[in-house]
Amino acid sequence: MIPTDLVGVVQQVSTGALPGWDRVDELVHEAHHRHMADQSGTVADYIPILGAADPALFGLAVVDVTGGVHDAGDALHPFSIQSISKMFVYALAIQEHGHERVRDIVGVNNTGLPFNSVVALELNAGHPMNPMVNAGAIATTALMPGTTPEEKWERIRTGLSAFAGRELTLDDEVYHSEAETNQRNEGLGSLLSSYGRLEGDSDAIVDIYTRQCALNVTAHDLAVMGATLADGGVNPVTGEQVVSADVCRDTLAVVAASGLYERSGEWLFEIGIPAKSGVSGGIVAVSPGKGAAGAFSPPLDSAGNSVRSQLAIGYLSRALGLNLFASAPRSGVATEG
Ligand code: GLU
């Protein structure tokens, strides 16, 4: 574990501001226009219904922390949130149980293995290691308050709705399609139980996880949800405090390290912002203190990340100044060595 000694030290923030509304709007439309003709990638079909998605769909949205909204293309087209749900349920779990308990139960380090790996669990005595892989996400879902599966599910649905600022609903067709082909996730649930790392009936927990993945969102919703994490937990559109600022910081740290499957390090190196993707083609990227981008386009690269969404968010990261690691020399400082 990393040694820390931060008790009583007030959290200060390290952020700037986006350019004005008109400039952001122009850049969002430019990012969309620039990448809409890209035809690369393949639509996921291991969940059968996802294979029917129209590969031409492409939506992009940015929401800033003052509540300014920018939508381009198919930004209001609904799709199932899939893996992107993991980061918001994780935030709700930390809000409920605190930083240490969730860190100990779920972990924060990368497994270095695919998102649905059984081997990763076996190698770590059943410890899920990371909330952005399926085993860790199932363990996180189990932490939701509620004495019945229905109560836990309702907590997730209302919690994610508060992030989105509107009532999110289940896509029944996606839910049933995944529930019928879900043996691998059920296996992960059973394995977690066998190691004593999952409380309750593992099939029931996996069923809630399957439902959370089938919640319908749009690229616009993802931008509002991300902007809530960029704004210290306050939804900048509704004004509701959904989670605490500390929860946002913890969530974004994990997402930065592991949000884009096995390409997470490469993404941070090239683009430099915490982002999470899902197999239906969504990506949400969050710039703390500034705002968030949501993108959706079904064709994926070989790691499972939407191609157009990565391209558009990469453009915005550079053009809007979202890269967490970018700086320029302070003017007036002598440069002689
Ligand atoms: N529901 C999907 C699964 O568990 C989510 C996968 C993803 O988006 O990465 O396989």
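Only a predicted model underlies this, so the values are computations on that prediction, with no experimental measurement involved.

A. Fine view of the side chain of Ser161. For Ser161, the position within the fold is in helix α6 (residues 149–164). Looking at Ser161, its side chain comes within polar contact range of the main-chain nitrogen of Leu168, at 2.9 Å. Discounting residues that sit within four places of it in the chain, Ser161 has contacts with Arg166, Glu167 and Leu168.

B. Fine view of the site of the ligand. Near the ligand the following residues occur: Tyr46, Gln82, Ser83, Phe115, Asn134, Glu178, Asn185, Tyr209, Cys213, Tyr261, Gly278 and Val279. For the ligand, an oxygen atom lies 2.9 Å from a polar atom in the side chain of Asn185. Note that an oxygen atom of the ligand is positioned 2.9 Å from one of the backbone N or O atoms of Val279. The fraction of the free accessible surface of the ligand (300 Å²) that becomes covered by protein chains is 98%. Considered class by class, the residues forming the shell around the ligand number six nonpolar, five polar and one charged.

C. Spotlight on the nonpolar core. With 49 residues, the main nonpolar core has Met87, Phe88, Leu160, Phe163, Met225 and Leu229 as its most contacted residues. Elements represented by at least two residues in this core include exactly β1 (59–64), α2 (85–97), α3 (99–106), α6, α10 (219–230), α11 (245–258), β6 (282–287) and β7 (291–296). Apart from residues lying up to four places away in sequence, Leu229 is in contact with Met87, Phe88, Phe163, Val243, Cys248, Thr251, Leu252 and Val286. Counting 24 residues, the second largest nonpolar core, distinct from the first, contains Leu27, Ile271, Ala293 and Ile313.

D. Inspection of the pairing of β1 at higher detail. Within β1, six of the six residues are buried, which leaves the element mostly enclosed by the surrounding structure. On β1, burial covers both faces: Gly59, Ala61 and Val63 on one face and Leu60, Val62 and Asp64 on the other are all buried. The loop that links β1 with its antiparallel partner strand β2 (residues 69–73) comprises four residues; one of these, Gly67, has a positive phi angle of about 95 degrees. Sheet topology places β1 next to β7; six bridges connect them, and they run antiparallel. Bridge pairing links Asp64 to Gly291 in β7.

E. Molecular detail of the packing of α6 against α10. Running from amino to carboxyl end, α6 crosses α10 at an angle of 90 degrees, the nearest separation of the two axes being 7 Å. One finds that α6 runs roughly perpendicular with respect to α10. Listed contacts from α10 to Leu160, Phe163 and Ala164 of α6 are Asp221, Val224, Met225, Thr228 and Leu229. The class makeup of the residues in the contact of α6 with α10 is six nonpolar, one polar and one charged.

F. Summary view of unusual backbone geometry. The backbone phi angle of Gln82 is positive, close to 50 degrees, even though this residue is not glycine. The residue Gln82 is located in the loop between β3 (79–80) and α2 in this model. The buried category is assigned to Gln82, whose relative accessible area is 2%.

G. Expanded view of the pairing of β2. Relative to β2, β1 runs antiparallel, the two being bridged by five bridges. What sits directly across from Val62, in β2, is His70.

H. Local environment of the environment of Thr111. Residue placement: Thr111 occurs in the loop between α3 and α4 (119–123). Taking the C-alpha atoms as reference points, Thr111 and Asn124, 13 residues apart in sequence, are found 9.2 Å from one another. Setting aside chain neighbours within four positions, we find Thr111 in contact with Ala120, Pro128, Met129 and Val133. Reaching out from Thr111, the side chain makes a polar contact with the backbone nitrogen of Leu113 at a distance of 3.1 Å.

I. Representation of α6 within the structure. Taking 1.5 Å per residue as the helical rise, α6 with its 16 residues ought to reach 22 Å, and the 22 Å between its terminal C-alpha atoms agrees with that figure. Of all the positions in α6, only Lys152, Trp153, Ile156, Arg157, Gly159, Leu160, Ser161, Ala162, Phe163 and Ala164 are classed as buried. Looking at the packing, one finds that the buried side of α6 touches α2, α5 (134–142), α9 (202–213) and α10. Looking one or two residues beyond α6, the residue adopting positive phi is Gly165, at roughly 75 degrees.

J. Structural view of the environment of Val65. As for its position among the elements, Val65 is in the loop between β1 and β2. Judged by its relative accessible area of 22%, Val65 is partly exposed. Between the C-alpha atoms of Val65 and Ala293, which are 228 residues apart in sequence, the distance is 11 Å. Leaving out residues up to four positions away in the same chain, Val65 has contacts with Ala227, Ala230, Asp231, Pro236, Gly289, Lys290 and Gly291.

Parameters at a glance
- Residues numbered from 1 in each chain as written.
- Predicted model: local features only at pLDDT ≥ 70, side-chain atom pairs only at ≥ 80, totals over all residues.
- Heavy atoms only, no water.
- Helix = DSSP H or I, 4+ residues; strand = E, 2+ residues; numbered from the N terminus.
- Polar contact = N/O pair within 3.5 Å; in protein donor to acceptor, adjacent residues only side chain to side chain.
- Contact = heavy atoms within 4.5 Å.
- Near = heavy atom within 4 Å.
- Areas by Shrake-Rupley, 256 points an atom, 1.4 Å probe, with all protein chains shown as cover.
- Nonpolar A, V, L, I, M, F, W, Y, C, P; charged D, E, K, R; others polar.
- Core = buried A, V, L, I, M, F, W, Y, C linked by side-chain atoms within 4.5 Å.
- Buried < 20%, exposed > 50% of the residue type's maximum accessible area, 1.4 Å probe, protein only.
- Pairing = 2+ DSSP bridges.
- Axes fitted to C-alpha atoms, helices over the stretch in contact; angles between N-to-C directions.
- Parallel < 35°, antiparallel > 145°, perpendicular 65-115°, else oblique.
- Expected span 1.5 Å × (residues − 1).

Structural measurements only, silent on function.
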